[in-house]
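As a plain string of letters, each chain reads:
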Amino acid sequence: MIPSNGNNNNNEDGNNNNNGRLTWNFYKKTCPKVLPVIRYVVEKAIKKEPRVGASLLRLHFHDCFVNGCDGSVLLDDSHNINGEKNSPPNKNSLRGFEVVDEIKSELDKACNASIVSCADILAVAARDSVSF
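Here the residue index of a chain counts from 1 through its sequence in written order. Owing to the predicted nature of the model, reporting of local features is limited to residues with pLDDT of at least 70; listing and counting of side-chain atom pairs is limited to 80 or more, with chain, interface and lining totals taken over all residues. Only hydrogens and water are set aside; all other atoms, that is, all heavy atoms of the structure, feed into the side-chain values.

- An unreviewed UniProt entry annotates the chain as peroxidase originating from Stylosanthes scabra.
- UniProt positions are given in the numbering used here, feature names are shortened, and annotations may be inferred rather than shown by experiment. For the record of the chain, the UniProt heading Catalytic activity (unreviewed entry) holds the text "2 a phenolic donor + H2O2 = 2 a phenolic radical donor + 2 H2O".

Encoded structure:
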């Protein structure tokens, strides 16, 4: 969602041919409402609890800190894995998970499918959280 080098290599019809680079309009055809939906939910959450903006930024930082920005900080424990969400450094420390859950739910409705990655949701929510 955030361009790595500022180049926009999309065709005029919006098809993505960016050779793996990030683009602003990655979801233009599959879910054009991505950015407005994320912004709306983040703004609503910040109006309700102003500190959640900083929490979303911190959540994104912790997601990126270990093995890159992959959404893994959102993983719950299961019988197969120990999720990052409840790992000792994060347990009772990170906040904002409920906002990300609401964003994901609203996007699944707006896109008529589960199209938007959790990593993208975290990145855009963190960006939007510092603009209010």
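What follows continues from the structure just given.
### Considering the packing of helix H1 (residues 34-48) against helix H3 (residues 97-111)
Argument step 1. In this analysis an axis means a line fitted to C-alpha atoms, helices contributing only their contacting stretch, and an angle means the value between N-to-C directions, from 0 to 180 degrees. The helix count covers DSSP runs of H or I at least four residues long, the strand count covers runs of E at least two residues long, and both are numbered beginning at the N terminus. Viewed as axis vectors pointing N to C, H1 and H3 meet at an angle of 145 degrees, and their least axial separation amounts to 10 Å. For H1 against H3, the interelement crossing comes out right-handed. Contact residues: H1 offers Val34, Val37, Ile38, Val41, Val42, Lys44 and Ala45, while H3 offers Val99, Glu102, Ile103, Glu106, Leu107 and Ala110.
Argument step 2. In this classification, the charged set is Asp, Glu, Lys and Arg, the nonpolar set is Ala, Val, Leu, Ile, Met, Phe, Trp, Tyr, Cys and Pro, and all remaining amino acids, among them Gly, are polar. Looking at side-chain class alone, the contact of H1 with H3 contains ten nonpolar, no polar and three charged residues. Take the far helix as your reference; a near helix turned counterclockwise from it by less than a right angle gives a left-handed crossing, and one turned clockwise gives a right-handed crossing. Residue contacts are counted whenever heavy atoms from the two residues lie within 4.5 Å of one another.

### Comments concerning the nonpolar core
Argument step 1. Think of a nonpolar core as a cluster: buried Ala, Val, Leu, Ile, Met, Phe, Trp, Tyr and Cys residues, connected wherever their side-chain atoms sit within 4.5 Å. Remark: exposure states derive from per-residue accessible area (1.4 Å probe, protein chains only) relative to the maximum for the residue type, with buried under 20%, exposed over 50%, and partly exposed in between. One finds Ile38, Leu59, Ile103 and Leu107 to be the most contacted residues of the largest nonpolar core, which totals 26 residues.
Argument step 2. Residue contributions to this core peak at seven residues, all from H1.
Argument step 3. Ignoring sequence-local partners within four residues, the contact set of Leu107 consists of Lys33, Val34, Val37, Ile38, Asn112, Ala113, Val116 and Ile121.

### Brief notes about the packing of aromatic side chains
Argument step 1. Pairing of aromatic rings covers Phe, Tyr and the six-membered ring of Trp, with a centre-to-centre limit of 6.5 Å; geometry is then stacked below 30 degrees between planes, edge-to-face above 60, and tilted otherwise. Inspection of the entire model under this criterion finds two aromatic pairs.
Argument step 2. With a centroid separation of 4.9 Å and an interplanar angle of 90 degrees, the aromatic rings of Phe26 and Tyr27 are classed as edge-to-face.
Argument step 3. With centroids separated by 5.4 Å and ring planes inclined at 40 degrees, the aromatic side chains of Phe61 and Phe65 adopt a geometry described as tilted. Placement of both Phe61 and Phe65 in helix H2 (residues 52-65) is noted, with a separation of four residues, approximately one turn of the helix.
Argument step 4. Phe61 gets classed as partly exposed once you look at its relative accessible area, which sits at 47%.
Argument step 5. Since its relative accessible area comes to 60%, Phe65 is described here as exposed.
Argument step 6. A ring is scored as having a charge over it whenever the NZ atom of a lysine or the CZ atom of an arginine sits within 6 Å of its centre and within 35 degrees of its normal. The ring of Phe97 has Lys85 lying over it, and the distance from NZ or CZ to the ring centre is 4.8 Å.

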